[in-house]
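A look at the structure
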Amino acid sequence: MPGPDGPAVIRSTLRQQIADALRDEVLAGRLEPGQEFTVKEIAEQYGVSATPVREALVNLTAQGLLDADQHRGFRVHEHTLDDYRGMLQARGLIADGMFRDLAQSGGDSDDAVDALLSVRRRGEEAARAACAGDLTVLIGYDLRFWRELSALYGNPHLSDFLHRLRVKSWVCAVTHLRRWSEGGGGDLRGTLWSRHTELVDALVRRDPAGAHEIVREYNAHSLSLMERLAAA
């Protein structure tokens, strides 16, 4: 017989798998802002019971990716440009504190440098995808890059919060990017930010001011792009 935690662990794993799959659907633009669905519809789509689906949807609602409607189920949250500005500001404040700490906490040790070089490889892949205009690949590597970079700070709560912020900001941005690209605006080559490796190099040099400037430019570039695409 399974142990007392067996069924709960299985259900928790299934809930997380469903939540991850739906998050990827939102990031890919296949679930668009404002799109509505019910627990029953998602359960039938994935061939599972309603309980883990409901738990997954509640979890995504808590992350700000979905909105719950007592009578109509759930819908994909519609972020505004003001939401996006706030996310960029929050990301920048967290990154500044993290960069200062990394620069002051022995960032020149062999282990620290090795860890940064490992993150740099994710940055190389993200930059390559950005230059190629491959939004799907870029999002995957960008999220992994920042998750691994923030993990070096040593605070899993902060790392998880920053990851959720980045997911939400990508969800907000991807709507405009895909609509512009698929609506005849052209491909995304040369449009997406690609200075991930420069950021790591600044941290290897223990240069938080340089890292701050790179992120400041990143946020300014992203906001300007979103404003332009939203206006178009």
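The following refers to the structure shown.

Conventions and cut-offs
- Residues numbered from 1 in each chain as written.
- Predicted model: local features only at pLDDT ≥ 70, side-chain atom pairs only at ≥ 80, totals over all residues.
- Heavy atoms only, no water.
- Helix = DSSP H or I, 4+ residues; strand = E, 2+ residues; numbered from the N terminus.
- Contact = heavy atoms within 4.5 Å.
- Pairing = 2+ DSSP bridges.
- Axes fitted to C-alpha atoms, helices over the stretch in contact; angles between N-to-C directions.
- Buried < 20%, exposed > 50% of the residue type's maximum accessible area, 1.4 Å probe, protein only.
- Lys, Arg positive; Asp, Glu negative; His and termini not counted.
- Salt bridge = Lys/Arg side-chain N within 4 Å of Asp/Glu carboxyl O.
- Polar contact = N/O pair within 3.5 Å; in protein donor to acceptor, adjacent residues only side chain to side chain.

Another point: the environment of A68. On the secondary structure map, A68 appears in strand 2 (residues 66-69). Contacts of A68, omitting those with residues within four sequence positions, involve T61, G73 and F74.

Once that is clear, we can look at the sheet that holds strand 3 (residues 73-76). Within a sheet, neighbouring strands are paired by backbone hydrogen bonds and run either parallel or antiparallel to one another. With antiparallel pairing, 3 strands are arranged side by side in an open sheet as 1-3-2. Two strands close off the open sheet at either side, each with one partner strand: strand 1 (36-37) and strand 2. Where strand 2 meets strand 3, 4 bridges bridge the pair, whose relative direction is antiparallel. The residue bridging L66 from the neighbouring strand is V76, located in strand 3. Along the sheet, helix 3 (residues 50-62) makes contact with strand 1, strand 2 and strand 3, crossing strand 2 at roughly 120°.

Moving on, we get to the side chain of D96. For D96, the position within the fold is in helix 4 (residues 81-104). Among buried Asp, Glu, Lys and Arg side chains, D96 stands out as unpaired, with R100 the closest opposite charge at 4.9 Å. A distance of 2.8 Å separates a polar atom in the side chain of D96 from a polar atom in the side chain of H212.

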